[in-house]
Amino acid sequence: MLYTAILFGLISSFHCVGMCGPIALMLPVGKSKPAKKVIQILTYHLGRITAYGTIGFVFGLLGKGFYLAGIQQRLSIFIGIIIILIVLTPESVFAQYNFSKPIYKLLSILKSKLGKQFRNSSFQSLFTIGLLNGFLPCGMVYVALFGAIATQSAGFGVLYMILFGIGTIPLMSTVIYLNNFITVSVRTKIRRIIPVVAVIIGLLFILRGLGLGIPYVSPTNMNLIIQQYPNCH
């Protein structure tokens, strides 16, 4: 199921352009030296991916607990259903609840530290901007984390979120160079694809949990997947 991470990262990056695009456009990167600019942008992405990998470790560890409890297949079905419900539920419904309120103070600190980093163009600052950016609330990251839980392994949880982050790099980098060419109309049209892809990924997780005997998609015994990579626990 690791391939779903890159796929979802590629598609969800159109959502990221709208949410995190302003941060990417404000990056203190040089314009006179193209090679240095590329390295600076990659440093920013490295920070984001480090944050995603860290969160993936925690949620992958949580998934391992479910695996040890012997409910891995039911968990996969549950996660698939949750992913589908999240993308099909209107945003207005979620807007009625402030999920960030319990950690509002922490978010304020993160945003404050993030703002200070834009005053410096050092690689350390660019990495920190990416790191803090990666920890900010994001609906697409939340959905990806369900995938990390479904890996039922701390190691695979990290890998899943790293692949998700890598999937967002192409478009997030392109927007820095070609912002004027990615119009609001184009972003809106492509964002409509996100729910479709998310539903497909949710269905794949459900199929995986059903154990229909389809190689790689719905294996009969999910324990075999874990046993093939014992060092990743």
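Small disclaimer: the values here were computed from a predicted structure and weren't measured.

What should I look at first to understand the overall build of the chain in this one?
Helices and strands together make up the secondary structure of the chain, namely twelve helices and zero strands. Each helix and strand of the chain, placed in order from N terminus to C terminus, yields the pattern α-α-α-α-α-α-α-α-α-α-α-α. By sequence separation, contacts in the chain at least 24 residues apart represent 80% of the contacts at least 6 residues apart. Looking at the chain as shown, the accessible area adds up to about 12400 Å², and 69% of this sits on carbon and sulfur atoms.

For this particular structure, what's the right way to read the environment of Ile-129?
Relative to the helices and strands, Ile-129 resides in helix H7 (residues 123-135). Each C-alpha atom of the pair Ile-129 and Arg-48 lies 8.0 Å from the other, and the pair is 81 residues apart in sequence. Beyond its immediate sequence surroundings of up to four residues, Ile-129 is in contact with Ile-23, Leu-27, Pro-28, Tyr-44, Leu-114, Gln-117 and Phe-118.

Any chance you could explain unusual backbone geometry here in plain terms?
Leaving glycine out, the prevailing phi sign among residues is negative, and the prevailing peptide bond configuration is trans. Unlike most non-glycine residues, Gln-152 shows phi in positive territory, near 55°. Along the chain, the position of Gln-152 falls in the loop between helix H8 (139-150) and helix H9 (154-177). We classify Gln-152 as buried; its relative accessible area is 1%.

Before we go on, may I ask you to explain the packing of H8 against H9 in this structure?
A pair of packed helices is captured by two measures, namely the crossing angle of their axes and the spacing between those axes. Two elements in contact, H8 and H9, have axes whose closest approach is 9 Å; the angle formed by their N-to-C orientations is 145°. For the crossing formed where H8 meets H9, the hand is right-handed. Where H8 abuts H9, its residues Met-140, Val-141, Ala-144, Leu-145, Gly-147 and Ala-148 lie against Gly-157, Tyr-160, Met-161 and Phe-164. Looking at side-chain class alone, the contact of H8 with H9 contains eight nonpolar, two polar and no charged residues.

What is the right way to look at the side chain of Thr-151 in this model?
Note that Thr-151 resides in the loop between H8 and H9. Classification of Thr-151 by relative accessible area gives buried; the value is 10%. Looking at Thr-151, its side chain comes within polar contact range of the main-chain oxygen of Ala-148, at 2.5 Å.

I tried to follow the packing of aromatic side chains on my own but got confused; where do I start?
Geometry of an aromatic ring pair is reported as the spacing of the ring centres plus the angle between the planes. One pass over the structure, following the stated rule, counts two aromatic pairs. The rings of Phe-8, Tyr-52 and Phe-164 are connected pair by pair, giving a single aromatic cluster.

How do you make sense of empty space enclosed by the protein when you look at a structure like this?
The probe, sized like a water molecule, is rolled over the atoms to show the empty space still left. For the structure shown, the criterion picks out one cavity of 30 Å³ or more. As for the largest cavity, its lining consists of Phe-8, Ile-83, Val-143, Ala-144, Tyr-160 and Ile-201. Within the lining of the largest cavity, the residues separate by chemical class into six nonpolar, no polar and no charged.

Mind showing me how you'd approach the environment of Ala-5 here?
Here Ala-5 shows up in helix H1 (residues 3-19). Discounting residues that sit within four places of it in the chain, Ala-5 has contacts with Tyr-160, Leu-163 and Phe-164.

Would you mind going over the side chain of Lys-37 with me for this structure?
Structurally, Lys-37 is set in helix H3 (residues 34-68). Given the relative accessible area of 14%, Lys-37 is considered buried.

Calculation rules
Residues numbered from 1 in each chain as written. Predicted model: local features only at pLDDT ≥ 70, side-chain atom pairs only at ≥ 80, totals over all residues. Heavy atoms only, no water. Helix = DSSP H or I, 4+ residues; strand = E, 2+ residues; numbered from the N terminus. Contact = heavy atoms within 4.5 Å. Areas by Shrake-Rupley, 256 points an atom, 1.4 Å probe, with all protein chains shown as cover. Buried < 20%, exposed > 50% of the residue type's maximum accessible area, 1.4 Å probe, protein only. Axes fitted to C-alpha atoms, helices over the stretch in contact; angles between N-to-C directions. Left-handed = near helix turned anticlockwise from the far one by under 90°. Nonpolar A, V, L, I, M, F, W, Y, C, P; charged D, E, K, R; others polar. Polar contact = N/O pair within 3.5 Å; in protein donor to acceptor, adjacent residues only side chain to side chain. Phe/Tyr/Trp six-rings, centres within 6.5 Å; stacked < 30°, edge-to-face > 60°. 1 Å grid on protein atoms, 1.4 Å probe; cavity = no way out; pocket = protein on both sides within 12 Å on 5 of 7 lines; lining within 4 Å. Points joined across faces, edges and corners; volume = space filled by probe spheres on them.

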